[in-house]
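# Chain and residue survey
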Protein chains: 2
Amino acid sequence: MQLVAEEIDIGTRSPTVLLHVTDAEELGAHPLDRVEIRSDGRTHTGIVEVTEELVDPGGLGVTRNLGHITGSVGVTLAPKPDSVYYIKKKLDEIELERDELDTIVRDINADRLNDVELGAFVCGTYTNGLSLQETMHLTECMSDAGEIMAWDDSLIADKHSIGGVAGNRVTPIVVPIVAAAGIKIPKTSSRAVTSPAGTADTVEVLCDVDFTIDEIQDIVHETNGCMVWGGAVNLSPVDDKIIRAETPLSVDPPGQIIASVLSKKQSAGSTHVVIDIPYGEGSKVESLSAARELAEDFKRVGNHLGMTLECTITQGQQPIGRGIGPVLEARDVLQVLTGDGPEDLRLKSLRLADILLEICDVDERAGDLLDSGRALEKFREIIEVQGGDSSVEPDDLVPGRRTETVSAGRSGIVTHVNNRLISELARRAGAPKDKRAGLYLHQAVGDEVVEGDDLFTIHAEKVDKLQDATSLERRVEAVRVRSRDEALVERI
Amino acid sequence: MQLVAEEIDIGTRSPTVLLHVTDAEELGAHPLDRVEIRSDGRTHTGIVEVTEELVDPGGLGVTRNLGHITGSVGVTLAPKPDSVYYIKKKLDEIELERDELDTIVRDINADRLNDVELGAFVCGTYTNGLSLQETMHLTECMSDAGEIMAWDDSLIADKHSIGGVAGNRVTPIVVPIVAAAGIKIPKTSSRAVTSPAGTADTVEVLCDVDFTIDEIQDIVHETNGCMVWGGAVNLSPVDDKIIRAETPLSVDPPGQIIASVLSKKQSAGSTHVVIDIPYGEGSKVESLSAARELAEDFKRVGNHLGMTLECTITQGQQPIGRGIGPVLEARDVLQVLTGDGPEDLRLKSLRLADILLEICDVDERAGDLLDSGRALEKFREIIEVQGGDSSVEPDDLVPGRRTETVSAGRSGIVTHVNNRLISELARRAGAPKDKRAGLYLHQAVGDEVVEGDDLFTIHAEKVDKLQDATSLERRVEAVRVRSRDEALVERI
């Protein structure tokens, strides 16, 4: 069928073509089918939506992510991509071959799958799991689909936390420690998707995080380290697209976690890697045994890829650090680097850095690098090269001035700080969009409080966001205080 | 957030709101999230898409299926619907309770699920199956979600084939036979989705099929039977929405088949039902044992709903009848009713009608009702009431005049007629959109042919459609002819 194409913008969706309902009938095309568009000797594949108004009969709406297609084009119904058959195979609990996973990864990368199919891939790997072999292959295929960073050095360090813990901003402390020891550590981080801050959002409080691969390599050549946003470079583009389908379902299958993390490490050229696996009620990995199993698989896949890889299993039931939200977390980080700050954040960062230094065969200890001020010096160097103010001090980082402080309704012991609720409150307060919004925790689990003591303060930039957070706060118990005897035995 | 809404048309997609990227960031809304829109004291839920162009900052594009929302509206990020947690539970292989299935059905019905979530529901019920208990509950919930047809009669007959066989147009033969015996049979049928004709497409060659529930009841009160399109009445609206997610994946889990079919029968007020389960290579049910298991489950769920239900297990490896495509199938039907026509279509229709008459406690035999001309008379009566020409004869039904006849390249026996390829050829020739397009099979499995004998003729209305079909035909072997010894033992 010959149609006249015009560009339309439906934003972030897969490459889409809008057909008038009569043309769709004529083509035999249903919504979510694919059509091939031939334009200027090239063929593009788009996913069908049907309209009665947005385009006229004979017209074709084409989203911009299909390339700039306008004018007269040939349109035919396209067959189902092979990957749909392989996804079905996975739903049927049949192990996939390397070339089948490769086809799936290529089709996801080229946006040839619709949301139902992408969701089915996620569900298949979630319910039926990925074997170790499949995980290795998927990791390689995902890495192959993106850009790579090449290094002359034989030793490139990296660290990653699988996330799920509020605060927990260890990266901007570990990176300068390791870089100060003379080890290259080109760290890319993510922005928040459902959390109140990603490492990239937090670092962005202090300097730019949006660089090209060449710029990143220049920064690392100059300072040994970097703290940049991974989304700007194309290290494992398929990962972001898979996450898009995982997010609505809140599923994160272990094999996908490994492939997601290690494909990026592989593309970043990392050779020595520490993976942090927080576990416990409310975090991504709920039990110690599941955390251990995931750690073993991480090591096997890492070793298969030629990496020296160690895992840490850490407590993930409560936030790490006091601040939640970009500015509040950046302040925690800067306090630790200047010799102050939350003890748990300091200890966790030092332990991860020590393990990384050890597998890199470096004799120096993280504690020395931090206490001597060399890590702080390196940190200031990196943020200066990344376009930030290297003279920044913790007191320069001022959280939102619209606040609501929640105090203890009784005396006792803090028995629980709910990660998920703390994150939700910080998001309602405006984080990560409002950098100064978030929460400051005055207490941690195990602290003794008397009635009226501050538990936490909500910070916001805008009145309505503060109201939004406080209205939720009143309906939930984000920080639990129990009397000394109830702390052990609570009667319901 | 307060935005100004305007209507946009992205056709058939779930109720969608288009947010400008800056407003989406401010709301913390990602694509596929949901927002609540408050307008005129009512709250609507829409699924988020993000744009930089189609709406301006401060504006909100709202698809028409959300209701006609315009002007200033309040917009807030909506929580995930509960059904998403239940879908995840199903992915985790946990049996769902009745109220959980009910919530899922309600959310699907209200279009509150995005495609990823809908796909996940289909995948969960496909990989982990539905227990008999879940199937019963799902059937009831799906029926409850739609309209119902109420009858004064204590006996309402119905039949259904789970499909997958080309041709197989038994419904327009069974309905008049049963109606002629004095039994009410208010038959609703579907249009083609991926096949070259649904029963509704075929009947539409002869008369209207698009009626309201009241009109359908009037037709049945007058004639005892009807042959109408089920899509125009809202008997199990959720079913169509589930099928939308099943189609791209080509999955059709047994529990879903049962719930889909019997929810509609329940809503149609059917009390006595025959379900035809074609099985064999290439049909929906591949093995005899799977067909038997499905039949048993159909009976259990049907009995639970208070129906008298029998199943037939029939061969589904090759087409039934000679014509494929609306006009060609309608001609087969009319030939059988006038005492001629394909023998397999006649025999299958008579057997299904006999079983239905038997469970309805009717003494008359289908063969007598057909051979006496009473079925034909009833047929003409029904199509007249449905606005058709009751004097139509088989010769009035002329297939497309642009033809290509495929002949046997060797002498031997027809060993296989490929259902899937035959359907694909008929679709390429233009069916079901072009009513006269399709295929006529000159031979069936077991027929002896000599080189040069006609195997089948492709009929089309348009030259390019004929070319499209013939170009596929040359690359495949839709009808297989083998020499007498090869027919039994083929050496590869």
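Predicted model, so just to flag it, every value in this text is computed and none were measured.

### Examining the overall build of chain A
Counting its regular elements, chain A contains 18 helices and 18 strands. For 492 residues, the compact-globule estimate of 2.2 N^0.38 gives 23 Å, and the C-alpha radius of gyration of chain A, at 25 Å, lies within 12% of that figure. Principal-axis analysis of the C-alpha atoms places the extent of chain A at approximately 75 × 55 × 45 Å. In chain A, which comprises 492 residues, the share counted as buried stands at 56%. At a minimum sequence separation of 6, the contacts of chain A that also span at least 24 residues come to 78%.

### What about the interface of chain B and chain A?
Each partner contributes residues to the interface: chain B has 40 residues there, and chain A has 40 residues. Looking at the side of chain B that touches chain A, the elements that each hand over two or more residues are helix 1 (21-27), strand 4 (42-51), helix 2 (82-91), helix 4 (115-127) and helix 9 (237-249) of chain B. With 10 residues, the single largest contributor to the side of chain B that touches chain A is helix 4 of chain B. When grouped by side-chain class, the residues that make up the side of chain B that touches chain A number 17 nonpolar, 11 polar and 12 charged.

### Side note on the pairing of strand 3 (residues 34-39) of chain B
Along a regular strand, successive side chains alternate from one face of the sheet to the other. Residues and elements named next belong to chain B. Here 6 bridges tie strand 3 to strand 4, and the two strands are oriented antiparallel to one another. In the sheet register, Val35 faces strand 4, and the bridge partner there is Gly46. As defined by bridge partners, strand 3 adjoins strand 6 (residues 71-77) across 4 bridges and the pair is classed as antiparallel. Within strand 6, the residue paired with Arg38 across the bridge is Gly74.

### Structural notes on the relation of the copies chain B and chain A
The operation relating chain B to chain A is a screw motion whose rotation component is 180°, with 0.0 Å of axial translation and a residual RMSD of 0.1 Å. When the rotation and shift are considered jointly, the pair of chain copies conforms to a two-fold rotation axis. Interface overlap between copies: 98% of the residues of chain B at the interface are likewise at the interface in chain A, consistent with a symmetric, same-surface contact.

### Focus: the packing of helix 8 (residues 213-223) of chain A against helix 15 (residues 374-385) of chain A
Residue and element names in this part refer to chain A. For the pair helix 8 and helix 15, the least separation of the axes is 10 Å and the interaxial angle reads 150°. Of the possible angle classes, the one that applies to helix 8 and helix 15 is roughly antiparallel. Considering how the two elements wind past one another, helix 8 and helix 15 form a crossing that is right-handed. Mapping the contact onto sequence places Ile219, Glu222 and Thr223 in helix 8 and Lys378, Glu381, Ile382 and Val385 in helix 15.

### Overview of the environment of Ile383(B)
All names here are of chain B. Within the element layout of this structure, Ile383 appears in helix 15 (residues 374-385). Linking Ile383 and Arg244, residues 139 residues apart in sequence, is a C-alpha distance of 31 Å. Leaving out residues up to four positions away in the same chain, Ile383 has contacts with Leu206, Cys207, Gly388 and Ser390.

### Points about helix 3 (residues 98-109) of chain A
All names here are of chain A. Along its 12 residues, helix 3 runs 16 Å from first to last C-alpha, staying within 8% of the 16 Å computed at 1.5 Å per residue. Among the residues of helix 3, those classed as buried are Glu100, Leu101, Asp102, Thr103, Ile104, Val105, Asp107 and Ile108. Tucked inside the fold, the buried residues of helix 3 contact helix 2 (82-91), helix 4 (115-127), helix 5 (132-144) and helix 9 (237-249). One or two residues past the end of helix 3 sits Asp111, with phi positive at roughly 60°.

### Let's talk about helix 12 (residues 326-337) of chain A
Residue and element names in this part refer to chain A. Look at helix 12: 17 Å from first C-alpha to last across 12 residues, which is about the 16 Å you get at 1.5 Å a residue. Inspection of helix 12 places Pro326, Val327, Leu328, Glu329, Ala330, Arg331, Asp332, Val333, Leu334, Gln335, Val336 and Leu337 among the buried residues, and these make up the whole buried set. With its phi angle positive at about 95°, Gly339 sits one or two positions after the end of helix 12.

### Describing the domain arrangement of chain A
The domain architecture assigned to chain A consists of domain 1 (2-77), domain 2 (82-129), domain 3 (157-231 + 255-385) and domain 4 (402-488). For domain 2 of chain A and domain 3 of chain A, the distance between their C-alpha centres works out to 31 Å.

### A look at the sheet that holds strand 14 (residues 412-417) of chain B
All names here are of chain B. Taken in spatial order, the 3 strands line up as 16-14-18 in an open sheet, and their pairing is antiparallel. Looking along the sheet, the strands with just one partner apiece sit at the ends: strand 16 (448-449) and strand 18 (479-482). Pairing of strand 14 with strand 16 involves 2 bridges; the strand directions are antiparallel. Within strand 16, the residue paired with Gly412 across the bridge is Val449.

### Topic: the nonpolar core
Among the nonpolar cores identified, the biggest contains 293 residues, and Ile177(A), Val178(A), Ile177(B) and Val178(B) are the most heavily contacted of them. Leave out the neighbours within four places in its chain, and Ile177(B) touches Ala353(B), Ala366(B), Leu369(B), Leu370(B) and Ala375(B).

### What to know about the confidence of the model for chain A
Averaged over all residues, the pLDDT of chain A equals 92, while 98% of them reach at least 70. Of the two predicted TM-score estimates for the complex, the pTM is 0.86 and the ipTM is 0.82.

### Quick notes on unusual backbone geometry
Residue and element names in this part refer to chain A. In this structure, the amide linkage connecting Ala431 to the following residue, Pro432, adopts the cis form with an omega of 5°. Locating Pro432 in the fold gives a position in the loop between helix 16 (419-428) and strand 15 (438-441). Positive phi outside glycine occurs at Asp40, with the angle close to 50°. Relative to the elements of secondary structure, Asp40 occurs in the loop between strand 3 (34-39) and strand 4 (42-51). Unlike most non-glycine residues, Asn224 shows phi in positive territory, near 75°.

### Points about the packing of helix 6 (residues 171-180) of chain A against helix 15 of chain A
Axis angle and axis distance: for two packed helices, these are the angle between their axes and the distance between the axes, and together they describe the pair. All names here are of chain A. Contact geometry of helix 6 with helix 15 gives a least axis separation of 8 Å together with a crossing angle of 105°. As summarised for this structure, helix 6 and helix 15 are arranged roughly perpendicular, according to the angle between their axes. Note on element contacts: helix 15 touches helix 6 through Arg374, Ala375, Lys378, Phe379 and Ile382, opposite Pro176, Ile177, Ala179 and Ala180. Grouping the amino acids of the contact of helix 6 with helix 15 by side-chain chemistry returns 7 nonpolar, no polar and 2 charged.

### Structural notes on the sheet that holds strand 7 (residues 157-161) of chain A
All names here are of chain A. Sheet architecture is open: 3 strands sit in the order 7-10-11, paired in parallel fashion. A single partner strand is all that each edge strand has here, and the edge strands are strand 7 and strand 11 (308-315). Ignoring strand direction, the axes of neighbouring strands in this sheet form an average angle of 15°. Of the strand pairs in this sheet, strand 10 (residues 272-279) and strand 11 are connected by 8 bridges, and their pairing is parallel. Residue pairing across strands places His272 opposite Thr308, the latter belonging to strand 11. Sheet strands touched by helix 11 (residues 288-304): strand 10 and strand 11. Its angle to strand 11, the strand with the most contacts, is close to 165°.

### Let's talk about the environment of Gly163(A)
All names here are of chain A. By secondary structure assignment, the location of Gly163 is in the loop between strand 7 and helix 6. A tally of 20 C-beta atoms within 10 Å means that Gly163 is categorised as buried. Remark: the alpha-carbon pair of Gly163 and Asp218, spanning 55 residues in sequence, is separated by 28 Å.

### Brief notes about the pairing of strand 8 (residues 185-189) of chain A
Residues and elements named next belong to chain A. Within strand 8, 5 of the 5 residues are buried, which leaves it mostly tucked inside the rest of the structure. Residues of strand 8 alternate between two faces, with Ile185, Lys187 and Ser189 on one and Pro186 and Thr188 on the opposite face, all of them buried. Pairing of strand 8 with strand 9 (residues 225-229), which is carried by 5 bridges, proceeds in the parallel orientation. Looking at strand 9, one finds that Lys187 is bridged to Met227.

### Let's talk about the environment of Ser83(A)
Residue placement: Ser83(A) occurs in helix 2. Each C-alpha atom, one on Ser83(A) and one on Val55(A), is 30 Å from the other, the two residues being 28 residues apart in sequence.

Parameters at a glance
Residues numbered from 1 in each chain as written. Chains lettered and ligands numbered in written order. Predicted model: local features only at pLDDT ≥ 70, side-chain atom pairs only at ≥ 80, totals over all residues. Helix = DSSP H or I, 4+ residues; strand = E, 2+ residues; numbered from the N terminus. Rg over C-alpha atoms; globule rule 2.2 N^0.38 Å. Buried ≥ 20, exposed ≤ 12 C-beta atoms within 10 Å, placed from the backbone. Contact = placed C-beta atoms within 7 Å. Nonpolar A, V, L, I, M, F, W, Y, C, P; charged D, E, K, R; others polar. Pairing = 2+ DSSP bridges. Least-squares fit on C-alpha atoms with pLDDT ≥ 70 in both. Axes fitted to C-alpha atoms, helices over the stretch in contact; angles between N-to-C directions. Parallel < 35°, antiparallel > 145°, perpendicular 65-115°, else oblique. Left-handed = near helix turned anticlockwise from the far one by under 90°. Expected span 1.5 Å × (residues − 1). Domains from an automatic or database assignment. Core = buried A, V, L, I, M, F, W, Y, C linked by C-beta atoms within 7 Å. pLDDT = per-residue confidence, 0-100.

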